[in-house]
Amino acid sequence: GTNSFDGAPETDALWVAGIYNETVQILAKPGINTVADLKGKTVCVGDVGSGTEINAWQVLGAAGLTKDDVNAVNGSFQDGVDQLKDGKIDAAFTVAGAPTTAIVDYATTNTLNLVSLTDEELAAIQEAYPFLIRDDLPSTTGMTGDVVCVAIQATLVASKDLSEDVVYEFVKAMFDNKDALTEGHAKFGFLDPETASAGATVTMHPGAEKYYKEAGYMK
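Quick look at the structure, then. (Residues numbered from 1 in each chain as written. Predicted model: local features only at pLDDT ≥ 70, side-chain atom pairs only at ≥ 80, totals over all residues. Heavy atoms only, no water.)

**Some thoughts on the environment of Gln 83**
Part 1: Residue position: Gln 83 is located in helix 2 (residues 77-85).
Part 2: Residues Gln 83 and Thr 11, spaced 72 residues apart in sequence, show a C-alpha to C-alpha distance of 38 Å. (Helix = DSSP H or I, 4+ residues; strand = E, 2+ residues; numbered from the N terminus.)

**Remarks on the pattern of salt bridges**
Part 1: For the structure on display, the rule yields 6 salt bridges.
Part 2: Measuring nitrogen to oxygen at the nearest pair gives 3.0 Å for the salt bridge that ties Lys 85 to Asp 105. Here the residue Lys 85 occupies a position in helix 2, and Asp 105 occupies one in helix 3 (residues 101-109), the gap between them amounting to 20 residues.
Part 3: We note a salt bridge from Lys 160 to Asp 161, for which the minimum N-O separation is 3.3 Å. (Salt bridge = Lys/Arg side-chain N within 4 Å of Asp/Glu carboxyl O.)

**Some thoughts on the packing of aromatic side chains**
The geometry of an aromatic ring pair is captured by two quantities: the separation of the ring centres and the angle between the planes.
Part 1: Tallied over the entire structure, the rule returns 5 aromatic pairs.
Part 2: Joined through ring pairs, the aromatic side chains of Tyr 168, Phe 175, Tyr 211 and Tyr 212 make up one cluster.
Part 3: In this arrangement the basic side chain of Lys 210 is found over the ring face of Tyr 168, its NZ or CZ atom lying 4.7 Å from the centre. (Phe/Tyr/Trp six-rings, centres within 6.5 Å; stacked < 30°, edge-to-face > 60°. Lys NZ or Arg CZ within 6 Å of the ring centre and 35° of its normal.)

**So, the state of the cysteines**
Part 1: Scanning all chains against the criterion turns up 0 disulfides.
Part 2: No disulfide involves Cys 149; its sulfur sits 17 Å from the nearest other cysteine sulfur, which is in Cys 44. (Disulfide = S-S within 2.5 Å.)

**Details of a negative patch on the surface**
Part 1: A cluster of acidic side chains, namely Asp 47, Asp 79, Asp 82 and Asp 86, defines a negative patch on the protein surface.
Part 2: Inspection of the secondary structure puts Asp 47 in the loop between strand 2 (42-44) and helix 1 (51-62).
Part 3: With relative accessibility at 37%, the residue Asp 47 sits in the partly exposed group. (Patch = residues over 30% accessible without salt bridge, like charges linked within 9 Å, V, L, I, M, F, W, Y side chains within 5 Å. Areas by Shrake-Rupley, 256 points an atom, 1.4 Å probe, with all protein chains shown as cover. Lys, Arg positive; Asp, Glu negative; His and termini not counted. Charge placed at Lys NZ, Arg CZ, Asp CG, Glu CD. Buried < 20%, exposed > 50% of the residue type's maximum accessible area, 1.4 Å probe, protein only.)

**Some points on helix 4 (residues 119-128)**
Part 1: Residues of helix 4 that are buried: Glu 121, Leu 122 and Ile 125. All buried residues of helix 4 lie within an arc of 100° about the axis, which places them on one face of the element. The outward face of helix 4, more than 90 degrees from its buried face, is lined by the exposed residues Asp 119, Glu 120 and Glu 127.
Part 2: If you follow the buried residues of helix 4, they end up packed against helix 1, strand 5 (133-134) and strand 6 (150-159). (Arc of directions from axis to C-beta. Contact = heavy atoms within 4.5 Å.)

**A closer look at the environment of Gly 184**
Part 1: Inspection of the secondary structure assignment puts Gly 184 in helix 6 (residues 178-184).
Part 2: Under the relative-accessibility criterion, Gly 184 is labelled exposed at 65%.

**With respect to the pairing of strand 1 (residues 13-28)**
Part 1: A large share of strand 1 lies buried, amounting to 12 of its 16 residues.
Part 2: Pairing of strand 1 with strand 6 involves 10 bridges; the strand directions are antiparallel. Within strand 6, the residue paired with Asn 21 across the bridge is Gln 153.
Part 3: Taken together, the 6 bridges between strand 1 and strand 4 (residues 91-96) define a ladder with antiparallel strand orientation. Its bridge partner being in strand 4, Val 24 is matched across the sheet by Val 95. (Pairing = 2+ DSSP bridges.)

**Quick word on the sheet that holds strand 1**
Strands pair in a sheet through their backbones, by hydrogen bonds, and they do so in one of two ways: parallel or antiparallel.
Part 1: With mixed pairing, the 6 strands of this open sheet are ordered in space as 3-2-4-1-6-5. Of all strands in the sheet, those with a lone pairing partner are strand 3 (71-73) and strand 5, marking the two edges.
Part 2: Looking at chain direction, strand 2 and strand 3 are connected through 3 bridges and run parallel. Paired with Cys 44 across the bridge in strand 3 is Val 73.
Part 3: Helix 1 rests against strand 1, strand 3, strand 4 and strand 6 of the sheet, and its axis sits at about 120° to strand 4. (Axes fitted to C-alpha atoms, helices over the stretch in contact; angles between N-to-C directions.)

Below is the structure:
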């Protein structure tokens, strides 16, 4: 019932499965090493009203920064990367599965600097927003170590009006055919029935619950 759903919370969408992590990545100019370093900087926080913008302000806020502390601009992932290349901004938020095409492209001709969260920033974020889970990115060319990040699960939901049998058969087919699905798209390789069921932050669809219980992932 908050943000764009203010006064009219969505209650008909039920959890089916957590698919993969969408990592909150902060691409910045060299010299910006923590979220706190973004104070006074120009930062692309994503498109207006997008999940990226929401996550960006969650991360900035948990690190003690308000909307008065940064010069926020809006734009897509590619907009942020292009503006950073052109020296128009100091940092850009991207919330997507890693590796992210726009960031990989940036790294081919620019120094890659992904901001790593400090222990204090991570603790504050997780206390305020428990659904943002830690998701470290492995070190890559130009980076000196793993990048400490948080992520939100990309989630499959279904209407409460969709029958239990249909959702059960869908979930079963998805996990029974994981290898074939992965051949079509690499992200299916992240499918894991344990994490798919454990991460539920809203009511689970009874069809999905039936599958997870039969498969031994829920009691």
